[in-house]
Amino acid sequence: MSRLLIVLLSVMLSITAAHADHHIPNLGEKANEFKDDGKKAHKREGMSHAASLIMQRKMHPELLSHKRDKTLRQGVRGGYTQLQKCVDCHTSVDKNGEHIPVNAPDQFCSTCHEKVGVSLDCFSCHRTTPAEDM
Amino acid sequence: MSIIRYEQTQGKSLGFYALIAGLGAFVLAALGSVYFMEHNGHYVTGMSNRIVWGLPHVFALFLIVAASGALNIASIASVFNKKIYKPLSRLSGLVALALLAGGLMVLVLDLGRPDRLIIAMTEYNFESIFAWNIILYNGFFLIVGIYLWMMFERRMNKYSRKVGIAAFTWRLILTTGTGSIFGFLVARQAYDAVIMAPMFVVMSFAFGLAFFVLVLMASYKWTERALGDAIVNRLSNLLGVFVASVLYFVAVYHLGNLYLAENSGVENFILMDGGIYTQLFWYGQIILGGLLPLALLYSPATKGNRSMLGLASVLIILGGIAQLYVIIIGGQAYPMELFPGKEILVGYGSIAAYTPTLPELMLGLGGMAVALIAITYLIKFLPFLPESLADDVADPHHKS
Amino acid sequence: MKELNRREFIKNTTVATASVATVASGISLTTFAADPKESDPVTNEKRWGMLIDANKLSEVDIDDMVNACQEEQGWGGEVHSTGDQKSGWIKKVKVRDTATQRVSNLALMCQHCEEPPCVDVCPTNASMKREDGIVLVDKHRCIGCRYCMMACPYDARSFVHEDLTDQKEHMPRGKGTVESCTMCVHKVDKGEQPACAQAVSSDAVIFGDLLDPTSNIHQTLKNVQSTQIRADLNLNTGVRYSGI
């Protein structure tokens, strides 16, 4: 009986410890400003903000794939979903004021992707920092 | 002809393990080369925007073409009912599958994005002969696998003829498809010829049988099993016929091209002033890969001599690689005729340069090594080889 | 009695929370302006084409075209690739007529054929033609087999032989995939001209809708002799040439 209790306690402890690893993703410069202004990014109609963020995390590959096929094959431009826009908000800036590539270790994408072990293929081709302003 | 008993090879000798280790070293070298090419990008190879398919593709296509030809022996037994080849059918199927696996491995590992191979299976363009080839290659594995099963499983033996006919038809379509990869390209002078499809079929006969003969003789020698002259001589004659047929098709292809004024450029290039390509064509493909083996196989001085047969087979293989080098790389090196009647001074039109690099060679050789390792190991794992192919056992006309 | 009260309590709280959540989510701040509207898919009512007049095109013009393309699309900066490995979306080509010795200069890029051989041979449908005639490579699907490069009659395509960085945001390009002239589709969709056409100030290069009877290119093609490169292949290219 006591052995069972010890097992149960250690399981509960490890679960808590795992969840306690709240590595808040490195949101990126513009995204952080947005958040600090109190605005709610990715907010969907009919859903709470928290639920919208969960949906965004889960669905971003599908949303992007769906849109990319429309853009590339059918020439549909604009709209909310654009990879360029993600990069614009979610890149961080280093101390020299240079943008850090968004897929670099410890940056926005990697913090989740490394944890869940999903490889990130977008940036072998796509630009990793916001577009230069002419 | 007595009942043929099949038996697995022992596979315990030092020689066996040394062979596996040696071939394994080549496979590891190939994997290392792939990592090197993949990690850095294709700039480390000799391939470029003008020569997009290089030495790896030469090896890959050679192995794939040889693979379908290696099935010939089994087909002749099942489809054309030549009893003497029946004991060899199992090995024939094995060699076919092993060569195809090796060839496909090289082809796939040279892709710019091999991690996206699944896309090639899920997003199909049925207008592309390349896509059709993918279906044909996968189907070949399936059909020959079933064919082997029919041959191994006694209860299934009665179906082996039907499956054999299906396999024979499939491999003809497959090799026609492989030749059509080039034959359908209207853009290039060297390729725009439908005869490439049947030419590839006949090439497969020669290359596949050469491989098969070498595997057969080596496996029987190294396992100290009896291999009678009845079988060996027949294979030798068959090989000679196939080599002669290849020479015929090559002659028709080039004569046809020469007749057409619009293709005279590439013909002059290959046949006369193409440097390495001309040398490979005449010395490699025609002499080494065609005329010399014919002499070895038919001349009274060397006919019936097994070492000479082995040498002839090796020469045929080398000649085949030379032939594919000339077709694939020579065909790309020669510039396309963008402006008929005009001379391009700047911007395009040069004979493209290509120097194969070591990673490319190691990848190609690795494919061969994979094929040979598969054969070496599987004949130990399953009873592919008859215990004896001595004349009194194998020859249906033997008078004891 | 106690259980009943507890049950009531739980039920009421749940209902209250749920309703607050529903109402609250409805009235929380809409953070973005209304999402930018998506444009409509392109149709085959337009067919984009280009007319290049070799008589009017100077060598400087062609150099400008090549530089403009490199600037706009971000190629040409490959460091490891050598010689023929370097990308070349648009090339200067100098042609001499063997009979008359007349020399023409022209710019050669993807011809955006109506029956593109590259599209026919691509095993994954990565090489594709849009409804409005622009031929593109879907690099998400490209497996880098280079068969389209074998098939292209104009040597228009390039393979990326090394890792790339600092791509233009509108032009993703990456190692192991094939690329070629996109007719500046990102500009064309905004109603602008391709960079190469813009780089030439004269009307040596005219870009427009081949199917629009009022367009400059349509009318010029009607009045001026023009040809397609390798016209015998019957590919009906979108890029036409005068003066060769």
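Right above here is the structure, for reference.
Keep in mind it's a predicted model, so treat the numbers as computed, not measured.

### Topic: the overall build of chain B
Argument step 1. Summing up its helical and strand segments, chain B has 14 helices and one strand in all.
Argument step 2. Across the 400 residues that make up chain B, the buried fraction comes to 50%.
Argument step 3. Expressed as a percentage of contacts within chain B between residues at least 6 apart in sequence, the contacts between residues at least 24 apart total 79%.

### What about the interface of chain C and chain B?
Argument step 1. The interface of chain C with chain B comprises 48 residues on the first partner and 39 residues on the second.
Argument step 2. Listing elements by their share of the side of chain C that touches chain B, those giving two or more residues are β2 (90–97), α3 (117–121), α4 (147–151) and β6 (158–159) of chain C.
Argument step 3. Broken down by element, the residue count for the side of chain C that touches chain B peaks at seven residues, all from β2 of chain C.
Argument step 4. The residue makeup of the side of chain C that touches chain B, split by class, is 21 nonpolar, 13 polar and 14 charged.
Argument step 5. Pairing analysis gives four bridges linking strand β1 (residues 342–346) of chain B to β2 of chain C, with the strands arranged antiparallel. Bridge pairing in β2 of chain C links Lys342 of chain B to Asp97 of chain C.

### Considering the arrangement of the chains
Argument step 1. Out of two pairs of chains that touch, the pair holding the most contacts is chains B and C.
Argument step 2. Structurally, chain A and chain B remain out of contact, their C-alpha atoms never closer than 10 Å.

### Looking at helix α9 (residues 229–259) of chain B
Since the α-helix turns once every 3.6 residues, residues separated by three or four places project in the same direction.
Argument step 1. Over its 31 residues, α9 of chain B extends 45 Å from the first C-alpha to the last, a length consistent with the 45 Å expected when each residue adds 1.5 Å.
Argument step 2. Its buried side turned inward, α9 of chain B meets α8 (196–222), α10 (264–273), α11 (276–298), α12 (306–333) and α14 (391–394) of chain B.

### With respect to the packing of α10 of chain B against α11 of chain B
Residues and elements named next belong to chain B.
Argument step 1. Running from N to C, α10 and α11 point in directions that differ by 70°, and their axes come no closer than 6 Å. Viewed along their axes, α10 and α11 adopt a mutual orientation that is roughly perpendicular. Residues Phe269, Ile270, Leu271, Met272 and Asp273 of α10 touch α11, and the partners they reach there are Tyr277, Thr278 and Phe281.
Argument step 2. When the residues that make up the contact of α10 with α11 are grouped by side-chain class, the tally is six nonpolar, one polar and one charged.

### Topic: the interface of chain A and chain C
Argument step 1. Of the residues lining the interface, 24 residues belong to chain A; the matching set on chain C comes to 27 residues.
Argument step 2. Looking at the side of chain A that touches chain C element by element, the count peaks at five residues for helix α3 (residues 49–74) of chain A.
Argument step 3. Considering only residue class, the side of chain A that touches chain C consists of seven nonpolar, ten polar and seven charged.

Definitions and limits used
- Residues numbered from 1 in each chain as written.
- Chains lettered and ligands numbered in written order.
- Predicted model: local features only at pLDDT ≥ 70, side-chain atom pairs only at ≥ 80, totals over all residues.
- Helix = DSSP H or I, 4+ residues; strand = E, 2+ residues; numbered from the N terminus.
- Buried ≥ 20, exposed ≤ 12 C-beta atoms within 10 Å, placed from the backbone.
- Contact = placed C-beta atoms within 7 Å.
- Nonpolar A, V, L, I, M, F, W, Y, C, P; charged D, E, K, R; others polar.
- Pairing = 2+ DSSP bridges.
- Expected span 1.5 Å × (residues − 1).
- Axes fitted to C-alpha atoms, helices over the stretch in contact; angles between N-to-C directions.
- Parallel < 35°, antiparallel > 145°, perpendicular 65-115°, else oblique.

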